[in-house]
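Topology and contacts: notes
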Amino acid sequence: MRFRKPERKLKVAILGTRGVPAAYGGFETLAEELGARLADRGHAVTVYGRRQWIQYRGRYYRGMRIVLLPTIRGKYLDTVFHTFISTIHAAFLRFDAALMCNAANSVFTILLRFAGTKTALNVDGIERLRKKWNALGKLWYLLGENLAVRFPHRIVSDADVIRRYYEERYGARSTFIAYGADGGRASTTGALAKAGVEPRRYVLYVARLEPENNAHVVIRAFEKVETGMKLVIVGHAPYGARYIRGLKETADPRIIFTGGLYGLPYRELQSNAYLYVQASEVGGCHPALIEAMGFGNCVIVNDTPENRETVGDAGVAYRFNDADDLAAKIRNLIGDPQEASRLGRLAADRAGKHFSWADVADRYEALFYDMVEGGRSGGKRARLTGDSQPDGG
């Protein structure tokens, strides 16, 4: 998307993530990749992070100012407490524009609105559907959805499925901006050697190890496949120890758990996989899936509207949460290297066309200027014109 930029540079805050350098999930990757690109364009970018999560202690990272504040460690208070105190801090700094991440934080956008900061809220997926939340957590997310269409100046959806959900349920229009992928294949293989795998001789799964991401389905499926390849499980979850212990009870020696990996080790494993499996059943656009496509991997996805939207005809879908069908899809693609290579090329082409971090930065920059330079306020009906989303094929 191209637009005429005003000469004025913006003072921008990014809130609601664990912070940068990214070492957790999609919102953290968004904060780092977007924030760094906006800083490169001359904007003054501040990213708020959680002191207990971020080991980096420099004041600036990739051109972004880092503000680390305390939080309350715990599944139910971590995000909302930290975002609350970050919002109070940001309100006194009078930012021109802010990006708030996570619908659970929508209530705090009103504080930025009172401070005169134009605020966009990235709502992510329909988070109240996640199995990890109890009834109170689900209710908070439902409240967050309702407030998301009232308090922020703009809503951002990362998948067209989510955009339609907010429009049909709440009558709220949103700006569609997906995540990005830049490829950048790694030439080294240190992470492979550490994991005990060889290039193109393993199936890769990357996600937080939480029930709705279905690592257990992937493990159960792979156990049914007779192959000399291995399954590499990359990920962790801060409050999922019981679930992770259950995953590691598998008796299959071909299944390897690496824990969370970031930076070069992560790129090495993405660069050399034979197949990539995205098994998530909740959420919008999954960054790890887009990255797998950008690395030219053949991808197999759980059959959800969001996953189908992302891969189009450049991947293979298995029946929703069906381990037997997933096993059949893995078996077929292992037995047909030419088809796996063809799908990998299609995935790379699709990622290059639809999922570019430069384009993501263009879209957010245009959104911020639209808010700051007198675009329509009011989150209820606001949507930046010129939005587009991946087609189905």
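Residues numbered from 1 in each chain as written. Predicted model: local features only at pLDDT ≥ 70, side-chain atom pairs only at ≥ 80, totals over all residues. Heavy atoms only, no water.

1. A few points about the pattern of salt bridges
For clarity, the threshold we go by: The term salt bridge refers to a pairing of a side-chain nitrogen on Lys or Arg with a carboxyl oxygen on Asp or Glu at a separation within 4 Å. Think of it this way: any DSSP run of H or I at least four residues long counts as a helix, any run of E at least two long counts as a strand, and we number them from the N terminus. Working definition: with a 1.4 Å probe on protein chains only, accessible area under 20% of the residue-type maximum means buried, over 50% means exposed, and in between means partly exposed.
Tallied over the full model, the rule gives 21 salt bridges. Note that Arg154 and Asp370 form a salt bridge whose closest N and O atoms lie 2.6 Å from each other. Taken as a pair, Arg154 in strand β7 (residues 154–157) and Asp370 in helix α14 (residues 357–372) lie far apart in primary sequence, 216 residues in all. Arg154 gets classed as buried once you look at its relative accessible area, which sits at 2%. Residue class for Asp370 comes out partly exposed when judged on its relative accessible area of 25%. Taking the shortest distance from any N to any O, the salt bridge between Lys329 and Asp325 comes out at 2.9 Å. Pair noted here: Lys329 and Asp325 are both in helix α12 (residues 323–334), with a separation of four residues, about one helical turn. Judged by relative accessible area, which is 21%, Lys329 ranks as partly exposed. Note on Asp325: relative accessible area 7%, which makes it buried. Each of Glu32, Glu33, Arg37 and Arg62 takes part in salt bridges that share partners, so that together they form one network.

2. Here we look at the pairing of strand β10 (residues 230–234)
How we decide: Strand pairing is assigned whenever DSSP identifies at least 2 bridges connecting the two strands. Call a crossover right-handed when, viewed with both strands pointing away from you, the route from the first strand across the helix to the second goes clockwise.
Where burial is concerned, most of β10 is hidden: four out of the five residues are buried. Taken together, the five bridges between strand β9 (residues 202–206) and β10 define a ladder with parallel strand orientation. By the bridge assignment, Tyr205 is partnered in β10 with Ile233. Following the chain from β9 across helix α7 (residues 215–223) to the adjacent parallel β10, one finds a crossover that is right-handed.

3. With respect to the environment of Arg342
Within the secondary structure layout, Arg342 lies in helix α13 (residues 337–354). Taking C-alpha positions, Arg342 is 21 Å from Arg267, a pair spaced 75 residues apart along the chain.

4. Remarks on the confidence of the model for the protein chain
What counts here: Values of pLDDT, ranging from 0 to 100, describe the predictor's confidence in every residue of the model. Here a residue-residue contact requires only that any non-hydrogen atoms of the pair lie within 4.5 Å.
Confidence in the prediction of the protein chain, expressed as mean pLDDT, is 90, and 93% of residues score 70 or more. Confidence drops under a pLDDT of 50 for residues 376–389, and excluding neighbours within four residues, the segment shows 52 contacts in the predicted structure.

5. Regarding the side chain of Thr227
Test applied: In protein, a polar contact requires one atom able to donate a hydrogen and another able to accept it; more generally it is a pair of N or O atoms within 3.5 Å, and residues adjacent in sequence count only if both atoms are side-chain atoms.
Here Thr227 lies in the loop between α7 and β10. With relative accessibility at 17%, the residue Thr227 sits in the buried group. A polar contact of 3.0 Å, which involves the side chain of Thr227, links it to the backbone nitrogen of Met229. Non-local contacts of Thr227, meaning those with residues more than four positions away in its chain, are made with Phe222, Arg254 and Ile334.

6. Here we look at the sheet that holds strand β12 (residues 275–278)
How we decide: Fitting a line to C-alpha atoms yields each axis, with helices limited to the stretch in contact; the angle taken between N-to-C directions then spans 0 to 180 degrees.
Spatially, the six strands line up as an open sheet ordered β11-β10-β9-β12-β13-β14, and their pairing is parallel. Two strands lie at the open edges of the sheet, namely β11 (255–259) and β14 (316–318), each paired on one side alone. Neighbour-to-neighbour, the strand axes of this sheet turn through a mean angle of 25 degrees, independent of strand direction. Bridging between β10 and β11 involves four bridges; their strand directions are parallel. Pairing of Ile233 across the sheet is with Phe257, part of β11. Sitting on the sheet, α7 is in contact with β9, β10, β11 and β12, with an inclination near 170 degrees to β10.

7. Some points on the packing of α7 against α12
The condition is simple: When describing relative orientation, an angle under 35 degrees is termed roughly parallel and one over 145 degrees roughly antiparallel, while 65 to 115 degrees is termed roughly perpendicular and anything else oblique. Take the far helix as your reference; a near helix turned counterclockwise from it by less than a right angle gives a left-handed crossing, and one turned clockwise gives a right-handed crossing. Classification convention: Asp, Glu, Lys, Arg as charged; Ala, Val, Leu, Ile, Met, Phe, Trp, Tyr, Cys, Pro as nonpolar; all other residues, Gly among them, as polar.
One can describe the packing of α7 onto α12 by two numbers: an axis separation of 8 Å at closest approach and a directional angle of 55 degrees. In terms of orientation, α7 lies oblique with respect to α12. Along this stretch, α7 crosses α12, giving a crossing that reads as right-handed. Two secondary-structure elements touch here, α7 through Val217, Val218, Arg220 and Ala221 and α12 through Ala323, Leu326 and Ala327. Within the contact of α7 with α12, the residues separate by chemical class into six nonpolar, no polar and one charged.

8. Things to note about unusual backbone geometry
The omega torsion of the bond from Val20 to Pro21 falls at 0 degrees, within 30 degrees of zero and hence cis. One can find Pro21 in the loop between β1 (11–15) and α1 (26–40). Although it is not a glycine, Arg62 sits at a positive phi angle of roughly 50 degrees. Position of Arg62 relative to the elements: it lies in the loop between β3 (60–61) and β4 (64–69). Classification of Arg62 by relative accessible area gives partly exposed; the value is 37%.

9. Quick word on α1
Put simply, the rule reads: Between the first and last residue of a helix there are one fewer steps than residues, each counted as 1.5 Å, and that sum is the expected span.
If you check α1, its first and last C-alpha atoms are 21 Å apart, about what 15 residues at 1.5 Å a residue would give, namely 21 Å. Of all 15 residues that make up α1, 14 are buried, and the element is covered over most of its length. Phi turns positive, to about 100 degrees, at Gly42, one or two residues after α1.

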